[in-house]
Amino acid sequence: MSVAVVAGVGVDTRHWIGGRRVESADAAVFADHSPIDGAVIAQISRGGAAEAEAAVAAAEAAFPAWAATAPAERARLLHAIADGVEKRLEELAIVETTDNGALIRSHRRGVMPRVAHNFRFFADYLVSQLGHPDFETRGHTNHVSWDPAGVCVLISPWNAPLMLATWKVAPALAAGNTVVLKPSEWSPLTASLLADIAAEAGLPPGVLNVVQGIGEEAGAALVAHLGVRRVSFTGSVPTARHIARSAAANLTPLSLELGGKSPFIVFADADLDLAVANAVEQYDNAGQVCLSGTRLYVEESIRDEFVARFIERTKALRQGDPRDEATDIGPSIHPEHLARVDGFVQRAKQSGATVLLGGGPNEELGGLYYRPTLFTDVDPRSEIATAEVFGPVLVLHTFTEEDEVVAAANDSAFGLAAILFTGDRQRAQRVSARLVAGTVWTNCFFVRDLRAPFGGARQSGVGREGGTWSFDFYCEVKNTVFAPAGWRDGREGSVEAQSREED
Ligand code: NAD
């Protein structure tokens, strides 16, 4: 079956290659389940080496014309895609919620508008910002250009599927590349709808291709392809290691946006209500957010007050069907993932950690719903205190000294984000400067601007995307030197001449 009807929306579940819907060469499919009730909602084409080959070939064929398309025309087409996203926003929201279980209200009001914004932002940025003033070297003009790199393979995870995919697709296309997108097998549907929207917007065939499939099959085959000029990946550290090994064989440049175990620090001088409200937000998307501040560090003197307010607020959260606007916490993505989350929790309990909240599945709701969980009395070196759980599970530590909390916060294999709450501006500056993280939020959380760099330190990633950083990654940055008119002396611009000058 090639078209599935999901929540009333028709989704073509075949690959999108060279402007055509195609089944896998061997007609293989896999089942896509909704985390809301476990029902099979679609059979999805299961790609492999043949589809990777076909998609890269289509992208290679489309590249010269797309790279040569005037930036203003590329920008116009990206805006047309954004228009299509806005027109079909409700369909995208309901399909995404059904597919990955995240809240309909955030898809309607946050995520899908942001998908459209991803296209608008990089379209405008391309036209208005990209450029560098020429500069002179002994009368010769240096001209820096951002040339499209070629075929980009973009691999995205399931926790914010379309938002994270388009955060890669938009700058890659804006820069003049052609792309092959491989969405997660646990949330494949909105990538298919994006292909329709792009085609309706007039994007030429082969410029955007979507290969569906399992990571180790379709994803691995795409990364290993010699025709690929860039791989951008968002996902877990173990997968990133596979991808990095494979890309290294071809020397393919990589951008890796990976996991985290971010510190969330609350000083006694903080606005406690604000800090608690933000701490509870770390359970958003059932804790399936890479940036979540899952290690809470609360100053000892306010610990009891913080915990009391935190528990009260968390208990007031409504867990249930994510299609209901009133729901605050939905299900986990998949039975395998839930079992993994529960494994962390049960091992932490066995090791003697104290459960302040939750500690297991939500038995009343059944299915994939897991209770928001808070541990304390946790050894800072233990698994629960150091590993990324990627579920609604936080650990609480206390501290008394600034140096102590900075050292504890930085004592992590990760470095994606850090969040701190304090009423003292100087402390905010002092502490934030010492934290190792790609993004530090002081007295706020999740404020994102596409002009800002985004990425992780340490094992949270390699490279940065956003604004200019995206274009630096998706382009070959080239310097061209023009001789002045009438210039004839071969020695003037030479290394010899330069070293004479430096002497
Ligand atoms: P994952 O690593 O299991 O899968 C991510 C993608 O990689 C999927 O599309 C999958 O099919 C593909 N894949 C799997 N094996 C592959 C292989 N061998 N070769 C090529 N592709 C392969 O991650 P996930 O479970 O989908 O997502 C959760 C992880 O993503 C968490 O660790 C989370 O922190 C991280 N994440 C990071 C960010 C960020 O911006 N830093 C954002 C969201 C999620």
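If you're wondering where the values come from, they're calculated on a predicted model, not measured in any experiment.

### Description of the overall build of the protein
- In terms of regular secondary structure, the protein is built from 16 helices and 24 strands.
- The C-alpha radius of gyration computed for the protein amounts to 24 Å, which stays within 12% of the reference 23 Å derived for 503 residues, consistent with globular compactness.
- Projected onto the principal axes, the alpha-carbon positions of the protein cover approximately 80 × 65 × 40 Å.
- Residues counted as buried form 56% of the 503 residues belonging to the protein.

### Re the domain arrangement of the protein
- The domain architecture assigned to the protein consists of domain 1 (3–258 + 456–480) and domain 2 (263–442).
- Computed over C-alpha atoms, the centres of domain 1 and domain 2 are 31 Å apart.
- Counting each side, the surface lost to burial between domain 1 and domain 2 is near 2300 Å², with a carbon and sulfur contribution of 57%.
- For the pair domain 1 and domain 2, the number of links is three salt bridges.

### Notes on the site of the ligand
- Around the ligand sit 28 residues in total, of which K182, E185, S236, L258 and E388 are the nearest.
- In this structure, S156 approaches the ligand through a main-chain N or O atom, which is 2.8 Å from an oxygen atom.
- T239 places a side-chain nitrogen or oxygen 2.7 Å from an oxygen atom of the ligand.
- In the complex, the protein chains occlude 91% of the 850 Å² of accessible area that the ligand would expose alone.
- Listed by contribution, the elements that provide at least two residues to the shell around the ligand are α7 (215–223), β12 (228–234) and α8 (237–250).
- A total of four residues in the shell around the ligand trace back to one element, the largest contributor, which is α7.
- Here the shell around the ligand is composed, by residue class, of 13 nonpolar, ten polar and five charged.

### Considerations on the packing of helix α3 (residues 89–100) against helix α6 (residues 189–201)
- Running from N to C, α3 and α6 point in directions that differ by 155°, and their axes come no closer than 9 Å. Overall, the two elements α3 and α6 adopt an arrangement that is roughly antiparallel. Packed against α3, whose contacting residues are L92, V95, E96 and D99, the element α6 presents L189, T190, L193 and I197 at the interface.

### Quick look at the sheet that holds strand β15 (residues 295–299)
- The mixed open sheet is built from seven strands, whose spatial order is β16-β17-β18-β15-β14-β20-β21. Strands with a single pairing partner mark the edges of an open sheet, and in this sheet they are β16 (354–357) and β21 (439–442). Across the sheet, the mean angle separating the axes of adjacent strands is 25° when strand polarity is ignored.
- The pairing of strand β20 (residues 417–421) with β21 spans four bridges and is classified as parallel. The residue of β21 that forms the bridge with L420 is T442.

### Remarks on the nonpolar core
- Ranked by size, the top nonpolar core spans 105 residues in total, and within it I81, F119, L203, V266, L296, F306 and F310 carry the most contacts.
- In terms of residues, this core owes the most to one element, helix α4 (residues 104–128), which gives eleven residues.
- Composition of this core by domain shows at least three residues from each of domain 1 (3–258 + 456–480) and domain 2 (263–442).
- Filtering out sequence-adjacent residues up to four positions away, F306 remains in contact with V266, L272, V276, A279, L296, V298 and L396.

### Some remarks on the state of the cysteines
- If you walk through the whole model with that rule in mind, you get zero disulfides.
- Cysteine C444 shares no disulfide, and the gap to the nearest cysteine sulfur, in C290, comes to 16 Å.
- For C444, a relative accessible area of 22% puts it in the partly exposed group.
- Left without a disulfide partner, C475 is nearest to the cysteine sulfur of C152, which lies 8.6 Å away.

### What about unusual backbone geometry?
- Backbone geometry at L251 places phi at a positive 55°, although glycine is not the residue there.
- Mapped onto the secondary structure, L251 falls in the loop between α8 and β13 (254–257).
- Non-glycine residue D377 carries a positive phi angle of around 55°.
- Here D377 shows up in the loop between β17 (373–376) and α12 (383–386).

### With respect to the packing of helix α2 (residues 71–87) against α6
- α6 packs onto α2 with a crossing angle of 125° between their chain directions and a minimal axis gap of 8 Å. Judged on the interaxial angle alone, α6 and α2 are oblique. The chirality of how α2 crosses α6 is right-handed. Facing L77, A80, I81, G84 and V85 of α2, the residues of α6 in contact are L194, I197, A198 and A201.

### Focus: the sheet that holds strand β7 (residues 135–137)
- As summarised here, the arrangement of the three strands in space is β7-β8-β24, forming an open sheet in which the pairing is antiparallel. On the outer flanks of this sheet lie β7 and β24 (475–482), each paired with one strand and no other. Recorded for the sheet is a direction-independent mean angle of 35° between the axes of neighbouring strands.
- Sheet strands in contact with helix α15 (residues 467–474) are β8 (140–148) and β24, and its direction is about 80° off that of β24.

What counts as what
- Residues numbered from 1 in each chain as written.
- Predicted model: local features only at pLDDT ≥ 70, side-chain atom pairs only at ≥ 80, totals over all residues.
- Heavy atoms only, no water.
- Helix = DSSP H or I, 4+ residues; strand = E, 2+ residues; numbered from the N terminus.
- Rg over C-alpha atoms; globule rule 2.2 N^0.38 Å.
- Buried < 20%, exposed > 50% of the residue type's maximum accessible area, 1.4 Å probe, protein only.
- Domains from an automatic or database assignment.
- Buried area = accessible area lost by both parts, 1.4 Å probe.
- Salt bridge = Lys/Arg side-chain N within 4 Å of Asp/Glu carboxyl O.
- Near = heavy atom within 4 Å.
- Polar contact = N/O pair within 3.5 Å; in protein donor to acceptor, adjacent residues only side chain to side chain.
- Areas by Shrake-Rupley, 256 points an atom, 1.4 Å probe, with all protein chains shown as cover.
- Nonpolar A, V, L, I, M, F, W, Y, C, P; charged D, E, K, R; others polar.
- Axes fitted to C-alpha atoms, helices over the stretch in contact; angles between N-to-C directions.
- Parallel < 35°, antiparallel > 145°, perpendicular 65-115°, else oblique.
- Contact = heavy atoms within 4.5 Å.
- Pairing = 2+ DSSP bridges.
- Core = buried A, V, L, I, M, F, W, Y, C linked by side-chain atoms within 4.5 Å.
- Disulfide = S-S within 2.5 Å.
- Left-handed = near helix turned anticlockwise from the far one by under 90°.

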